[in-house]
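Each chain, written out:
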Amino acid sequence: MDYTTLFITIKERIAFVTINRPDKLNALNAQCKNELKDVFISIKSNPEIDVVILTGAGEKAFVAGTDITELLSLDAESGKEFASGGQSIFDLIQHLGKPVIAAVNGYALGGGCELALACHIRIASENAKFGQPEVNLGVIPGYGGTQRLSRLVGVGKAAELILTGNPIDAQEALRIGLVNKVVPLAELIPTCEAMAKSILSKGQLAVRMSLKAINASLETSLNEGLQVEAGLFGEACSTGDAKEGIGAFMEKRKPNFQGK
Ligand code: COA
């Protein structure tokens, strides 16, 4: 598929996906969502890619939301489909099976904040702004914001952001645990890349199993989640990577993981 609203480059097992509608602050229109879905489906099955860095084009916005011009014609039924469609793309990202780092380079509002929430790690530039301003439009978050934001920052802070619609800056996002780190804009991609490389230096089977177990923590009871963890721990123990990692520790050398 040729993309018109995003571009992808692959470098040393890292896919850089950039949403590219800077004149509309990278707002997600139907085409952009289709392309996002297509690119993440292809990344999922691409053995050359182990980590993804997702960002927005330009210096002003990560994603300023879903494209508001597409909302006016929606009714109860088409609105529900619209939300479910977006949710399925963001679910695909959460369950990609490979770490996705959001490089939040400006506005992350509405669907943009929800897109960042669907990623596993969020690093923000100092100029980033986060918010769920849907109530300003008389609607509510539809791409997972009411669920993922509550789980990440707690129900009280999520309620404040969603019910007031007021944005917060990067430092406040850091303070409430919405982002992992805040860096100057020029250091955003290098910082994400350094984190990606740190992940890449580890056993990739263990990385993927960890992600699976972390996802379970969002979707199951503690007891079920612990069972998922124990099962995956057992699977991890039986891999060549575990033999290599543990052996390397005992022999006081660096491990050479093969992803097997
Ligand atoms: N949907 C569609 N278009 C959007 C958009 C969105 N979510 N966010 C920004 N744009 C467009 C603007 O309409 C404008 O287009 P134009 O140049 O053709 O008029 C362009 O992007 C630039 O935005 P502008 O509003 O001029 O930039 P600004 O710096 O003055 O303000 C924001 C930036 C982010 C505060 C403002 O664009 C905004 O409030 N956007 C909507 C955010 C939102 O409510 N998102 C949730 C949607 S559910």
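On a predicted model such as this, the values are computed, not experimentally measured, just so you know.

With respect to the pattern of salt bridges
Close approach of charged atoms lets side chains of opposite charge pair.
And step 1. Tallying each qualifying case throughout the model produces 12 salt bridges.
And step 2. Here Arg 253 and Glu 251 are joined by a salt bridge, their closest N and O atoms 2.7 Å apart.
And step 3. Linked by salt bridges that have partners in common, Lys 11, Glu 12, Glu 193 and Lys 197 make up one network.

Observations regarding the sheet that holds strand 4 (residues 61–63)
And step 1. Sheet architecture is open: 4 strands sit in the order 4-6-8-9, paired in mixed fashion. Looking at the sheet topology across the chains shown, the edges are occupied by strand 4 and strand 9 (168–169).
And step 2. Two strands pair when backbone bridges link them, and strand 4 and strand 6 (residues 107–109) are joined in this way by 2 bridges, in the parallel orientation. The residue bridging Ala 61 from the neighbouring strand is Tyr 107, located in strand 6.

Describing the side chain of Arg 21
And step 1. For Arg 21, the position within the fold is in the loop between strand 2 (14–19) and helix 1 (30–45).
And step 2. A distance of 3.0 Å separates polar atoms of two side chains, one belonging to Arg 21 and the other to Asp 67.
And step 3. Discounting chain neighbours no more than four positions away, the residues touching Arg 21 are Thr 5, Asn 26, Ala 27, Leu 28, Asn 29 and Asp 67.

Quick look at the packing of helix 1 against helix 2 (residues 76–94)
And step 1. Running from amino to carboxyl end, helix 1 crosses helix 2 at an angle of 30°, the nearest separation of the two axes being 9 Å. Taken together, the axes of helix 1 and helix 2 are roughly parallel relative to one another. The handedness of the crossing between helix 1 and helix 2 comes out as left-handed. Note on element contacts: helix 2 touches helix 1 through Phe 82, Ile 89, Leu 92 and Ile 93, opposite Lys 33, Leu 36, Lys 37, Phe 40, Ile 41 and Lys 44.
And step 2. For the contact of helix 1 with helix 2, the class distribution of residues is 7 nonpolar, no polar and 3 charged.

Focus: unusual backbone geometry
And step 1. Its identity is not glycine, yet Glu 12 carries a phi of approximately 50°, on the positive side.
And step 2. Non-glycine residue Arg 13 carries a positive phi angle of around 70°.
And step 3. Taking the relative accessible area as the measure of exposure, Arg 13 reaches 36% and is therefore partly exposed.

Concerning the site of the ligand
And step 1. Surveying the vicinity of the ligand reveals 15 residues, the closest of which are Lys 24, Lys 60, Ala 64, Thr 66 and Ile 68.
And step 2. Asp 23 is positioned with one of its backbone polar atoms (N or O) 3.5 Å from an oxygen atom of the ligand.
And step 3. Separating an oxygen atom of the ligand from a side-chain N or O atom of Lys 60 is a distance of 2.6 Å.
And step 4. When the ligand sits alone it has 860 Å² of accessible area, and the protein chains cover 59% of it.
And step 5. Of the residues in the shell around the ligand, the class split is 8 nonpolar, 2 polar and 5 charged.

Description of the nonpolar core
And step 1. Counting residues in hydrophobic clusters, the biggest one holds 47 residues, and the most contacted among them are Phe 40, Leu 54 and Phe 130.
And step 2. Residue contacts for Leu 54: discarding those within four places in its chain leaves Val 17, Ile 19, Leu 36, Phe 40, Phe 62, Val 100, Ile 101, Ala 102, Ala 103, Leu 115 and Cys 119.

What to know about the domain arrangement of the protein chain
And step 1. Taken domain by domain, the protein chain consists of domain 1 (6–200) and domain 2 (204–250).
And step 2. Its C-alpha centre places domain 1 at a distance of 26 Å from the equivalent point of domain 2.
And step 3. At the junction of the two partners, domain 1 supplies 11 residues and domain 2 supplies 7 residues.
And step 4. For the pair domain 1 and domain 2, the two sides together bury roughly 840 Å², of which 48% comes from carbon and sulfur.
And step 5. For the pair domain 1 and domain 2, the interface holds 1 salt bridge.
And step 6. One salt bridge in this structure joins Arg 208 and Asp 50, with 2.5 Å as the shortest N-O distance.
And step 7. If you look at where domain 1 meets domain 2, you find 7 residue pairs in polar contact (both at pLDDT 80 or more).
And step 8. Tallied by class, residues from the side of domain 1 that touches domain 2 come to 4 nonpolar, 4 polar and 3 charged.

Comments concerning the environment of Pro 22
And step 1. Locating Pro 22 in the fold gives a position in the loop between strand 2 and helix 1.
And step 2. Separated by 203 residues in sequence, Pro 22 and Gly 225 place their C-alpha atoms 40 Å apart.

Reading the values: the criteria
Residues numbered from 1 in each chain as written. Predicted model: local features only at pLDDT ≥ 70, side-chain atom pairs only at ≥ 80, totals over all residues. Heavy atoms only, no water. Salt bridge = Lys/Arg side-chain N within 4 Å of Asp/Glu carboxyl O. Pairing = 2+ DSSP bridges. Helix = DSSP H or I, 4+ residues; strand = E, 2+ residues; numbered from the N terminus. Polar contact = N/O pair within 3.5 Å; in protein donor to acceptor, adjacent residues only side chain to side chain. Contact = heavy atoms within 4.5 Å. Axes fitted to C-alpha atoms, helices over the stretch in contact; angles between N-to-C directions. Parallel < 35°, antiparallel > 145°, perpendicular 65-115°, else oblique. Left-handed = near helix turned anticlockwise from the far one by under 90°. Nonpolar A, V, L, I, M, F, W, Y, C, P; charged D, E, K, R; others polar. Buried < 20%, exposed > 50% of the residue type's maximum accessible area, 1.4 Å probe, protein only. Near = heavy atom within 4 Å. Areas by Shrake-Rupley, 256 points an atom, 1.4 Å probe, with all protein chains shown as cover. Core = buried A, V, L, I, M, F, W, Y, C linked by side-chain atoms within 4.5 Å. Domains from an automatic or database assignment. Buried area = accessible area lost by both parts, 1.4 Å probe.

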